[in-house]
Amino acid sequence: MSKERCDFLLQCLHFDDKTFRLQRQKDDPFTPIRDIWELFMVQCRQNYVPGTNVTIDEQLLAFRGRCKFRMYIPNKPAKYGVKLEIMCDSGTRYMLDCMPYLGKGTYTSGLSLGEYFVKELYTRSIHGTNGNITMDNWFTSVPFAKQLLRQPYKLTIVGTLQTNKREIPDELKNHRTSNGTRRVNTSMFVYDGPITLLSYKPKPSKMVYMLSSCDEEASVNPETKKPRLIEFYNKTKGGVDTFDQMCSIMSCSRKTNCLPICVFNGMMNIACINSYIIYCHNASVQGQKRMNCRTMAENPTGNLYHADAY
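As the structure is a prediction and not an experimental result, all values here were calculated from the model. (Residues numbered from 1 in each chain as written. Predicted model: local features only at pLDDT ≥ 70, side-chain atom pairs only at ≥ 80, totals over all residues. Heavy atoms only, no water.)

Caption draft 1: The arrangement of the packing of helix α3 (residues 31–46) against helix α8 (residues 259–286) in detail. At a minimum axis distance of 11 Å, the contact between α3 and α8 shows a crossing angle of 10°. By the angle between their directions, the pair α3 and α8 is classed as roughly parallel. Note on element contacts: α8 touches α3 through Pro260, Val263, Phe264, Met267, Ile270, Ala271 and Asn274, opposite Pro32, Ile33, Ile36, Trp37, Phe40 and Cys44. When grouped by side-chain class, the residues that make up the contact of α3 with α8 number 12 nonpolar, 1 polar and no charged. (Axes fitted to C-alpha atoms, helices over the stretch in contact; angles between N-to-C directions. Helix = DSSP H or I, 4+ residues; strand = E, 2+ residues; numbered from the N terminus. Parallel < 35°, antiparallel > 145°, perpendicular 65-115°, else oblique. Contact = heavy atoms within 4.5 Å. Nonpolar A, V, L, I, M, F, W, Y, C, P; charged D, E, K, R; others polar.)

Spelled out as structure tokens, the structure:
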């Protein structure tokens, strides 16, 4: 189609009833695309059974238009955009669930933001599965780890811990004493029932604190001198980062000042990656040779539409 025709169709593209939008936006700033977003998230959860390990992290959906909850994150490539909290399968990188961070419009019912996202969003598809969640220090805390072990969650966590947490004993910190500081590549473990707290010193001026509710062995790799808890964290933490990279390699996003169109383009990127992951699984089970993602995009009549994807 012509460029004028495409622009006209994009201008006419809406995802809600404009008659009631202003009334609903007072309670939910994500109203213009909330309905189709929730329908899409339900499909993502229903079409995939996660493994034993999932990971939680953030993704920044590039957007520079007018938006009350637009964020600035300097260490992200886009820097400005809508922050999405994402849960992915650590093995396949399948996106299981996602929720936008709406700033002050996020009603947490008195919970901290990290606790709210894990309890109310990410774990609603894996409650009671005895699975493990790998997370960064924005989510991790000792009381929260103990809560997730109980009903109805029954989940374990592995995550880094902020250095200013009161739960960290002074003996684990890098204090200078009469005998000097701790040696490099040394590890110290502390236990509180099912909770394990690790203090690892990789460099003379750096300390790494990790929390786990599933590692009770306190073992260290004799070759690398690293605790196996850190190796497990490094192995399972990159799920969301890899998923974000896969979305950016072949993206359908376009420059726009309309937030619903920006979010819709992000949904299309998520759908493409999730569908391709399901296709690869089906092709492997059936013993078929699978096409790469670029070949499939150039050949829309390929095997993707014969697999039990979406």
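Moving on from the model shown.
Caption draft 2: Summary view of the pattern of salt bridges. Going through the model one piece at a time under the given rule, you end up with 9 salt bridges. When the shortest N-O distance is used, the salt bridge between Asp28 and Arg34 registers 2.8 Å. By relative accessible area, which is 17% here, Asp28 ends up buried. For Asp192, the salt bridge goes to Lys146, with nearest N and O atoms at 2.7 Å. Residue Asp192 is found in strand β7 (residues 186–192), and its partner Lys146 is found in helix α5 (residues 142–148); the two are separated by 46 residues along the sequence. Residue classification places Lys146 among the partly exposed positions, given a relative accessible area of 29%. When salt bridges with common partners are traced through the structure, they connect Asp28, Arg34 and Glu38 into a single cluster. (Salt bridge = Lys/Arg side-chain N within 4 Å of Asp/Glu carboxyl O. Buried < 20%, exposed > 50% of the residue type's maximum accessible area, 1.4 Å probe, protein only.)

Caption draft 3: Broad picture of the packing of aromatic side chains. All told, the structure shown has 7 aromatic pairs when counted by the stated rule. Each ring, one from Phe30 and one from Trp37, has its centre 5.7 Å from the other, and the planes form 90°; the classification is edge-to-face. As far as burial versus exposure is concerned, Phe30 and Trp37 are alike and both buried. Put simply, the rings of Phe30, Trp37 and Phe69 pair up and form one aromatic cluster. Note that Lys83 overlies the ring of Tyr101, its terminal NZ or CZ placed 5.3 Å from the centroid. A cation sits over an aromatic face here: Lys83 above Trp138, 4.4 Å from the ring centre. (Phe/Tyr/Trp six-rings, centres within 6.5 Å; stacked < 30°, edge-to-face > 60°. Lys NZ or Arg CZ within 6 Å of the ring centre and 35° of its normal.)

Caption draft 4: Region of the structure containing the packing of helix α7 (residues 239–249) against α8. For the pair α7 and α8, interaxial distance at closest approach is 10 Å and the crossing angle is 110°. On the basis of the axis angle, α7 is roughly perpendicular to α8. Where α7 abuts α8, its residues Phe243, Met246 and Cys247 lie against Asn269, Ile270, Ile273 and Asn274. Its residues assigned to classes, the contact of α7 with α8 shows 5 nonpolar, 2 polar and no charged.

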